[in-house]
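Spelled out from the first residue to the last, the chains are:
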Amino acid sequence: MKKALWVVCVLALGRVYAVESKGDSSVQWLPGGIGIHAGITGVGGHLAWKLPTKARLVLRLGGSYLGYKKTLELDLGDSSIVELRPDFVIGLVQTSLKWHPFRRGAFFVTGGVGYTWRPDIRLEMTAKTLLELGGIQMKPEEFGTIQLGVRWSPIVGYAGFGFGRSIPRRRFGMGVEMGCYYLGSPKVDMEFEGFLETTTLAEQTPLIERNMRGYRFLPNLQLVFTYSLFKKPLRP
């Protein structure tokens, strides 16, 4: 999977715009703009190249990161407290192509592919106090440990639209982008130590996965701030 992403990136970079000065045949493979973004999928940055076509295309290469690992305590009532340890990370490297259909407009549509090195959500649950569950008392060591995980494909597709230029006509620019990642069908992992080992819950994994088939998409909404690396950037 990693090799496939590197191939995509290399092929994309092979199409970047070559900035050529007058009277000089030397070619510099430099991006026309840089940007930072923040939104649902975290914070990150990207580089942008104007492609030498009449279709007003811009190539972007960048990444984003979002993580949450704070331990939580959940009170179930009757002084029964369980401890939750989520392990949630979105780490994404992505290349995408933007198309501006209108010469003087900032509206664009975009599509691309990305790679995430942590395509899963993990949760560990333990008991912190004596539990009272349906009239049954259970010590923390009897409750044991519950480990849950949901995994998706590390290769994701992306489509979206928005307003703003990756290579602004002035030095600084701002925009907004909305879209959706396709993650593939989720896979469920469950491990138990304690009273749940005696149940048949683990055998229900295929049924749980079928019920979660609709969770294949991750929405994206982000603000984008861009900066042109040239005083007179080429306009898409």
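Here, the structure is the one placed above.
Residues numbered from 1 in each chain as written. Predicted model: local features only at pLDDT ≥ 70, side-chain atom pairs only at ≥ 80, totals over all residues. Heavy atoms only, no water.

## Section: the side chain of Arg60
Residue position: Arg60 is located in strand E3 (residues 57-68). Arg60 gets classed as buried once you look at its relative accessible area, which sits at 8%. (Helix = DSSP H or I, 4+ residues; strand = E, 2+ residues; numbered from the N terminus. Buried < 20%, exposed > 50% of the residue type's maximum accessible area, 1.4 Å probe, protein only.)

## Here we look at a nonpolar patch on the surface
On the surface, a cluster of nonpolar side chains totalling about 400 Å² of accessible area is made up of Ile36, Met174, Leu223 and Phe225. For Ile36, a relative accessible area of 53% gives the class exposed. (Patch = residues over 30% accessible without salt bridge, like charges linked within 9 Å, V, L, I, M, F, W, Y side chains within 5 Å. Areas by Shrake-Rupley, 256 points an atom, 1.4 Å probe, with all protein chains shown as cover. Salt bridge = Lys/Arg side-chain N within 4 Å of Asp/Glu carboxyl O.)

## Digging into the layout of surface pockets
Of the volumes computed, that of the largest pocket is approximately 360 Å³. Along the wall of the largest pocket there are 21 residues; nearest its centre are Ile90, Ile121, Trp152, Leu183 and Leu218. Of all the elements in the fold, those that place two or more residues in the lining of the largest pocket are strand E5 (80-99), strand E7 (120-127) and strand E14 (217-228). The element best represented in the lining of the largest pocket is E5, accounting for five residues. Of the residues in the lining of the largest pocket, the class split is 15 nonpolar, four polar and two charged. (1 Å grid on protein atoms, 1.4 Å probe; cavity = no way out; pocket = protein on both sides within 12 Å on 5 of 7 lines; lining within 4 Å. Points joined across faces, edges and corners; volume = space filled by probe spheres on them. Nonpolar A, V, L, I, M, F, W, Y, C, P; charged D, E, K, R; others polar.)

## Here's the deal with empty space enclosed by the protein
Per the stated rule, a full pass over the model turns up two cavities of 30 Å³ or more. Looking at the largest cavity, its volume works out to about 200 Å³. Lining the largest cavity we find 18 residues, and of these His37, Arg60, Gln94, Tyr181 and Gln222 sit closest to its centre. Mapped by element, the contributors of at least two residues to the lining of the largest cavity are strand E2 (42-50), E3, E5, strand E12 (172-182) and E14.

## A word on the packing of aromatic side chains
Across all of its chains, the model carries six aromatic pairs by this definition. Aromatic ring contacts, followed pair by pair, group Phe102, Phe107, Phe161 and Phe163 into a single cluster. Sitting over the ring of Phe108, Lys98 keeps its end group 3.9 Å from the ring centre. (Phe/Tyr/Trp six-rings, centres within 6.5 Å; stacked < 30°, edge-to-face > 60°. Lys NZ or Arg CZ within 6 Å of the ring centre and 35° of its normal.)

## Regarding the pairing of strand E13 (residues 187-193)
In regular strands, side chains alternate between the two faces of the sheet. Of the two faces of E13, only the one carrying Val188, Met190 and Phe192 is buried; Lys187, Asp189, Glu191 and Glu193 on the other face are not. Of the pairings in the sheet, the one linking strand E10 (residues 145-151) to E13 comprises seven bridges and is antiparallel in character. In the strand pairing of E13, Gln147 is matched with Glu191. (Pairing = 2+ DSSP bridges.)

## A look at the pairing of strand E4 (residues 72-77)
Of the strand pairs in this sheet, E4 and E5 are connected by five bridges, and their pairing is antiparallel. From the neighbouring strand, Glu73 faces E5, where its bridge partner is Glu83. Linking E4 back to E5 in an antiparallel pair, the connection comprises two residues, with Asp78 at a positive phi of about 55°.

## Quick word on the nonpolar core
With 18 residues, the main nonpolar core has Leu131, Phe143, Ile146, Val156, Tyr181, Leu183 and Phe192 as its most contacted residues. Mapped by element, the contributors of at least two residues to this core are E5, E10, strand E11 (155-163) and E13. A per-element tally of this core places E13 first, with three residues. Sequence-distant contacts of Tyr181, that is, excluding residues within four places in its chain, are made with Thr41, Leu92, Gln94, Val156, Gly157, Tyr158, Arg216, Phe217, Leu218 and Asn220. (Core = buried A, V, L, I, M, F, W, Y, C linked by side-chain atoms within 4.5 Å. Contact = heavy atoms within 4.5 Å.)

## Looking at the pattern of salt bridges
Within this structure, the stated rule accounts for 10 salt bridges. A salt bridge links Glu124 to Arg85, with the shortest nitrogen-to-oxygen separation between them at 2.4 Å. In this pair, Glu124 sits in strand E7 while Arg85 sits in strand E5, placing the two residues 39 residues apart along the sequence. Arg85 gets classed as partly exposed once you look at its relative accessible area, which sits at 26%. In this structure, the salt-bridge partner of Asp87 is Arg122, at a minimum N-O distance of 3.9 Å. Of the two residues, Asp87 sits in strand E5 while Arg122 sits in strand E7, which places them 35 residues apart along the sequence. The class of Asp87 is buried, set by a relative accessible area of 18%.

## Observations concerning the environment of Ala159
Following the sequence through the fold, Ala159 ends up in strand E11. Between the alpha carbons of Ala159 and Ser96 there is a distance of 8.8 Å; along the sequence they are 63 residues apart. Apart from residues lying up to four places away in sequence, Ala159 is in contact with Thr110, Gly111, Gly179 and Cys180.

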